[in-house]
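Chains, contacts and geometry: an overview
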Amino acid sequence: MLNDFYRQFKSGTDIRGVASEGVPGEEVNLTDDVVADMVYGFMLWLSDKTGKAVSELTVSVGRDSRISGPHIAEIAANCFCSCGINVLRCGLASTPSMFMTTVDLNCDGALQITASHHPFNRNGLKFFTREGGLEGSDIEQILTYAQDGNRPPRCGGGKSTDVDYMSDYANGLCEKIKNEVHAIDYDHPLRGFKIVVDAGNGAGGFYADKVLSVLGADTTGSRYLEPDGMFPNHVPNPENEQAMASICEAVKNAGADLGVIFDTDVDRGGAVDSKGNEINRNRLVAVASAIALEGNEGGTIVTDSITSSGLKEFIENDLGGKHYRYRRGYKNVIDKALELNKRGINCPLAIETSGHAAMRENYFLDDGAYLCTKIIIKAAQLRKQGRTLDELTASLKEPAESKEIRFKIIESNFRACGEKIISDLTAYAESKYGWNVAEDNREGIRVSFDKSNGNGWFLLRLSVHDPIMPLNIESDSIGGTDIIYDQLYEFLKTTTGLEI
């Protein structure tokens, strides 16, 4: 069992901690020794997973643009080499490209040093095998090895080689666009397109230079392509309002046909069409679903739990697919899609409203650059027909209002407290006239209301990792979210353990 110190590093299927000074009250805990112990733990886990001796393994190491990345990458590479492992050092790289090293470079495992969209002082370790990202139980095992000081023998002899895999990865995206657009000017299928990129000073700047420009697109007006681990311009996160405002502004200023935005390590993406409409959250899911269901008629799209009612109607009524609403957490939706496909259910896409999108055709890898590539391909195909990208989701109904409130659980056993509140609310909702409990809900409790009663829905759930109960409310009427909340408040004020 993990002690309190090592338990703090487990963040779902990643390891995260404080790696740099500079934020008051946040002391560095991802020290050199701790990082080394985690890397040794990964070696033991990977050896057991592959059935190979540690010294027979080949591992790739990459990082995003964080200021602590180069130092942590150096520690990791040295540790691997000290135990006889051959290391491919990829330098600045996207997280999805690091998974692809297990496919294209035959690495037994891959280590990406990233903390996604979190502040500059944080960093973390994310691991891959050819089967994909690790499960939470795998991370716990690695941390247990680190906690207990278990290490493989230090035999030396590992070779360290610098590789420019990001160029190969970018070339793969270029070839995909060429093949699927199949323009008259085959090598320049994006000639005549103006596409701007906002990389948020993360690892995504390559997309403008090594993909779009190579294919003939005009990328003038792109923003924050240079890596800067202090993230001086905005949080590199497509869910962030300031970040989305930035790419919207860039599209308008440049008169662009399309804008794309990535998070720090490029496993998430978002877009903006030529009219300045955000292709984000529900609209991003709608666009991705429309693309994924081509050739997969009647297929199932797995999403997280907070998607809108209008999205479900769009997927099922307009696209003819099936919508499987599941739990929050990108690994949850990916694992569910894998499970459904194993059961013989045609499921081409798993996507979370945060921008994590994983397509079956791409190893169910959540890859923001691949998602944006598919969107660009579709835009080019539509242009041939005299159509525009916004027509793809013209029938999507979006709510008039939405809000999220995050209630803090103040009891020490927060999970038990949250589960009791959900159980009590379920019984309460089932007894209330006009409260319609969703039959297909698989996380927390989701209740819908008719036009006279708020004209929308709420979802109350327990956070995956934190002592928080997020409440999402949407309404198709102005003022409807307040009407729904006021009804729910009558229950909430009777609870204990919730700070409301």
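Here's what I pulled together on the structure shown here. Only a predicted model underlies this, so the values are computations on that prediction, with no experimental measurement involved.

Here we look at the pattern of salt bridges
When the charged atoms of two side chains with opposite charge come close together, those side chains can pair. Applying the stated criterion across every chain, the model contains 40 salt bridges. Here Lys 275 ties to Asp 390 by a salt bridge, and the two come within 3.0 Å at their closest N and O atoms. Of this pair, Lys 275 sits in the loop between strand 11 (269–273) and strand 12 (278–279) while Asp 390 sits in the loop between helix 12 (368–384) and strand 18 (401–409); the two residues are 115 residues apart in sequence, bridging distant segments of the chain. When its relative accessible area of 57% is taken as the criterion, Lys 275 is described as exposed. Assessed through its relative accessible area of 17%, Asp 390 is described here as buried. Across the pair Glu 352 and Arg 328 runs a salt bridge whose closest N-O atoms are separated by 3.9 Å. You can see Glu 352 sitting in the loop between strand 15 (349–351) and strand 16 (357–359) and its partner Arg 328 sitting in the loop between strand 14 (322–325) and helix 11 (330–342), a full 24 residues away along the chain. Across this residue pair, the class does not change: Glu 352 and Arg 328 are buried. Connected through shared salt-bridge partners, Lys 176, Glu 180, Glu 361 and Lys 374 make up one network.

With respect to the packing of aromatic side chains
Inspection of every chain in the model, using the stated rule, returns 18 aromatic pairs. Measuring from ring centre to ring centre gives 5.2 Å for Phe 5 and Phe 9, while their planes differ by 85 degrees; the resulting arrangement is edge-to-face. Since its relative accessible area comes to 0%, Phe 9 is described here as buried. Each ring, one from Phe 99 and one from Phe 128, has its centre 5.9 Å from the other, and the planes form 65 degrees; the classification is edge-to-face. Of the two residues, Phe 99 is situated in helix 4 (residues 95–104) and Phe 128 in strand 6 (residues 122–129); the sequence distance between them amounts to 29 residues. One aromatic cluster in this structure is built from Tyr 428, Trp 435, Phe 449, Phe 458 and Phe 491. A cation over a ring is seen here: Arg 446 above Trp 457, with NZ or CZ 3.6 Å from the ring centre.

A few points about the nonpolar core
Grouped together as the largest cluster of nonpolar side chains are 66 residues, with contacts concentrated most on Leu 190, Phe 206, Tyr 207, Val 211, Leu 212 and Val 260. In terms of residue count, the dominant contributor to this core is helix 12 (ten residues). Ignoring anything within four residues of it in the chain, the contact list for Leu 190 reads Ile 177, Ile 195, Leu 212, Leu 215, Gly 216, Ala 217 and Ile 376. With 41 residues, the next largest nonpolar core counts Tyr 6, Leu 30, Val 34 and Leu 125 among its residues.

A word on the sheet that holds strand 13 (residues 300–303)
In spatial order, the strands read 14-13-15-16-17; together these five strands make up an open sheet with mixed pairing. Edge strands, defined here as strands with exactly one partner in the open sheet, are strand 14 and strand 17 (365–366). Of the strand pairs in this sheet, strand 16 and strand 17 are connected by two bridges, and their pairing is antiparallel. Bridge pairing links Met 359 to Leu 365 in strand 17.

Quick word on the pairing of strand 20 (residues 445–449)
Here strand 20 lies mainly inside the structure; four of its five residues are buried. Pairing between strand 19 (residues 436–437) and strand 20: two bridges, direction antiparallel. If you follow Val 437 over to strand 20, its bridge partner there is Val 447. With antiparallel pairing between neighbouring strands as the criterion, strand 20 and strand 21 (residues 456–460) make up a hairpin whose turn holds six residues, including Gly 454 at a positive phi of roughly 125 degrees.

Here we look at the sheet that holds strand 21
Pairing within the open sheet is antiparallel, and its six strands lie in the order 19-20-21-22-18-23. Strand pairing shows two members of the sheet lacking a second neighbour, strand 19 and strand 23 (498–499), which therefore form its edges. Seen against the sheet, helix 13 (residues 414–431) touches strand 18, strand 19, strand 20, strand 21, strand 22 (468–475) and strand 23 and runs at an angle of roughly 30 degrees to strand 20. Contacting strand 18, strand 20, strand 21, strand 22 and strand 23, helix 14 (residues 480–492) runs over the sheet at an angle of about 140 degrees to strand 22.

Thoughts on the packing of helix 13 against helix 14
Here helix 13 crosses helix 14 at 120 degrees, and the two axes come no closer than 11 Å. By the angle between their axes, helix 13 is oblique relative to helix 14. When the axes of helix 13 and helix 14 are compared, the crossing they make is right-handed. Residue-level inspection shows Ile 421, Asp 424, Leu 425 and Tyr 428 of helix 13 in contact with helix 14, the latter providing Leu 488, Glu 490 and Phe 491. Within the contact of helix 13 with helix 14, the residues separate by chemical class into five nonpolar, no polar and two charged.

Quick notes on the pairing of strand 13
When a strand is regular, its side chains alternate between the sheet's two faces. Neither face of strand 13 is left uncovered, since the one carrying Thr 300 and Val 302 and the one carrying Ile 301 and Thr 303 both have all their residues buried. Direction of pairing for strand 13 relative to strand 14: parallel, over a ladder of four bridges. From the neighbouring strand, Thr 303 faces strand 14, where its bridge partner is Arg 325. After leaving strand 13, the chain enters helix 10 (residues 309–318) and then returns to the sheet as strand 14, a path that is right-handed. When strand 13 meets strand 15, the two strands line up parallel, connected through three bridges. Residue Thr 303 lies in a different strand from strand 15, and its bridge partner there is Ile 351.

As for the environment of Ser 82
Examined against the element boundaries, Ser 82 turns out to sit in helix 3 (residues 69–82). Along the chain, Ser 82 and Gly 157 lie 75 residues apart, while their C-alpha atoms are 6.8 Å from each other. Those residues in contact with Ser 82 that lie beyond four places of it in its chain are Tyr 40, Arg 154, Cys 155 and Gly 156.

Reading the values: rules and limits
- Residues numbered from 1 in each chain as written.
- Predicted model: local features only at pLDDT ≥ 70, side-chain atom pairs only at ≥ 80, totals over all residues.
- Heavy atoms only, no water.
- Salt bridge = Lys/Arg side-chain N within 4 Å of Asp/Glu carboxyl O.
- Helix = DSSP H or I, 4+ residues; strand = E, 2+ residues; numbered from the N terminus.
- Buried < 20%, exposed > 50% of the residue type's maximum accessible area, 1.4 Å probe, protein only.
- Phe/Tyr/Trp six-rings, centres within 6.5 Å; stacked < 30°, edge-to-face > 60°.
- Lys NZ or Arg CZ within 6 Å of the ring centre and 35° of its normal.
- Core = buried A, V, L, I, M, F, W, Y, C linked by side-chain atoms within 4.5 Å.
- Contact = heavy atoms within 4.5 Å.
- Pairing = 2+ DSSP bridges.
- Axes fitted to C-alpha atoms, helices over the stretch in contact; angles between N-to-C directions.
- Parallel < 35°, antiparallel > 145°, perpendicular 65-115°, else oblique.
- Left-handed = near helix turned anticlockwise from the far one by under 90°.
- Nonpolar A, V, L, I, M, F, W, Y, C, P; charged D, E, K, R; others polar.
- Right-handed = clockwise from strand over helix to strand, strands pointing away.

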